[in-house]
Amino acid sequence: MSPERSIDKKRIAFLVSGRGSNFQAVLDAVAAGDIPGICVGLVTDNPEAYAIERAKNAGVPVMVVDYAGFPTKAAYEEALLVAMRGCRADLFVLAGYMRILGTGIVREFSGRMMNIHPALLPAFSGLHAQRQAIEYGVKVAGCTVHLVDEGMDTGPIVVQRCVPVLPDDDETRLADRILAEEHKALPLAVKLFCENRLEVDGRRVWVR
Ligand code: GRF
């Protein structure tokens, strides 16, 4: 028997609505052995999401809960919750999930659900964060990974990374620069979670 102690691998699942480049960054970090986890499922509200291709390429099971196929948001969320429970995940990662989750789901996954947002929260929550940053005239922008609570982009902050805003930036150029940092911040936050190194103390998250 090996004398080495190993950390039990955490089951990581994802909720993604679109392109999935942040999802890919975590897939890559897990594949490289940087994160002690197993990617156990992708849940998406969008049957056209490119993230589906990424999941298939990585052999990750896909569950599509097509928002358009439900008569009400409540019916959609009921199906979403069933899909999410089915993943039996230790951690749910919201990586470009473009809807606001209902309180039932947020409560059920409290403390084990994180989201990536393309701004230095608490500034510029909500949609078009990079555009908000340009229009406000800030000199520094960035991204935030936070635990999900019942507010919009308000949960305790796990990791932030910043970038300069340059004089000739438009929304796209700034978004690209922030995205490169998102691809570092999200795998780091997932790694810290999977290594049991996060300690939540009210609003503050300590890294052990
Ligand atoms: C990212 O900018 C993320 O911060 C935001 O949605 C975008 C998703 O991009 N929540 P991708 O699908 O990960 O490429």
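For clarity, every value in this text was computed on a predicted model and none was experimentally measured.

What counts, and where the lines are drawn
Residues numbered from 1 in each chain as written. Predicted model: local features only at pLDDT ≥ 70, side-chain atom pairs only at ≥ 80, totals over all residues. Heavy atoms only, no water. Salt bridge = Lys/Arg side-chain N within 4 Å of Asp/Glu carboxyl O. Helix = DSSP H or I, 4+ residues; strand = E, 2+ residues; numbered from the N terminus. Near = heavy atom within 4 Å. Polar contact = N/O pair within 3.5 Å; in protein donor to acceptor, adjacent residues only side chain to side chain. Areas by Shrake-Rupley, 256 points an atom, 1.4 Å probe, with all protein chains shown as cover. Axes fitted to C-alpha atoms, helices over the stretch in contact; angles between N-to-C directions. Parallel < 35°, antiparallel > 145°, perpendicular 65-115°, else oblique. Left-handed = near helix turned anticlockwise from the far one by under 90°. Contact = heavy atoms within 4.5 Å. Nonpolar A, V, L, I, M, F, W, Y, C, P; charged D, E, K, R; others polar. Buried < 20%, exposed > 50% of the residue type's maximum accessible area, 1.4 Å probe, protein only. Arc of directions from axis to C-beta. Pairing = 2+ DSSP bridges. Core = buried A, V, L, I, M, F, W, Y, C linked by side-chain atoms within 4.5 Å. 1 Å grid on protein atoms, 1.4 Å probe; cavity = no way out; pocket = protein on both sides within 12 Å on 5 of 7 lines; lining within 4 Å. Points joined across faces, edges and corners; volume = space filled by probe spheres on them.

## A closer look at the pattern of salt bridges
As enumerated under the stated definition, the model contains ten salt bridges in all. Here E171 and R131 are joined by a salt bridge, their closest N and O atoms 3.0 Å apart. Residue E171 is found in helix α6 (residues 171-194), and its partner R131 is found in helix α5 (residues 129-136); the two are separated by 40 residues along the sequence. Among the ionic pairs, R197 bridges to E195, the shortest N-O distance being 2.8 Å.

## Some remarks on the site of the ligand
Every residue lining the ligand is accounted for by R19, G20, S21, N22, G96, I116, H117, P118 and E182. G20 has a polar backbone atom sitting 2.7 Å from an oxygen atom of the ligand. At 2.5 Å from an oxygen atom of the ligand is found a side-chain nitrogen or oxygen belonging to S21. Against a free-state accessible area of 360 Å², the protein chains account for coverage of 88% of the ligand. Among the elements of the structure, α1 (21-31) and β5 (113-117) are those that each provide at least two residues to the shell around the ligand.

## Re the packing of α1 against α6
At a minimum axis separation of 9 Å, α1 and α6 run at an interaxial angle of 50 degrees. The orientation of α1 with respect to α6, classified from their angle, is oblique. The handedness of the crossing between α1 and α6 comes out as right-handed. Along its contact with α1, which presents S21, N22, A25, V26 and A29, the element α6 presents L179, E182, H183, L186, P187 and V190. Its residues assigned to classes, the contact of α1 with α6 comprises seven nonpolar, three polar and one charged.

## Let's talk about α5
Looking at α5, one finds that the buried residues are A129, Q130 and A133. Within α5, the buried residues cover an arc of 100 degrees as seen down the axis, which keeps them to one side. Taken together, the buried residues of α5 touch β5 and α6.

## What to know about the sheet that holds strand β4 (residues 91-94)
Within the open sheet, the seven strands sit side by side as β3-β2-β1-β4-β5-β6-β7. Their pairing is mixed. Each having just a single partner strand, β3 (62-64) and β7 (157-164) make up the two edges of the open sheet. Taking the axes of each pair of neighbouring strands and ignoring which way they run, one obtains an average angle of 20 degrees across the sheet. In this structure, β5 lies alongside strand β6 (residues 140-147), joined through four bridges in antiparallel fashion. When the bridges of β6 are listed, H117 appears paired with T144.

## A few points about the nonpolar core
Formed by 44 residues in total, the largest nonpolar core has its most connected members in I12, F14, V93, M114 and V190. In terms of residue count, the dominant contributor to this core is α6 (nine residues). If sequence neighbours within four positions are ignored, V93 has contacts with I12, A13, F14, L15, M114, L186 and V190. In terms of nonpolar packing, the next biggest core, distinct from the first, is built from 21 residues, C87, A89, F92 and I105 among them.

## Points about the pairing of strand β9 (residues 204-207)
As judged from the four bridges shared by strand β8 (residues 198-201) and β9, these two strands associate in the antiparallel manner. Its bridge partner lying in β9, E199 is registered against W206.

## As for the layout of surface pockets
Size it by volume and the largest pocket reaches roughly 910 Å³. The wall of the largest pocket is formed by 37 residues, among which G96, Y97, M98, I116 and P118 lie closest to the centre. Counting residues per element, the ones that place at least two in the lining of the largest pocket are α1, β5, α5 and α6. The element contributing the most residues to the lining of the largest pocket is α6, with five residues. Taken together, the residues that form the lining of the largest pocket break down as 16 nonpolar, 13 polar and eight charged.

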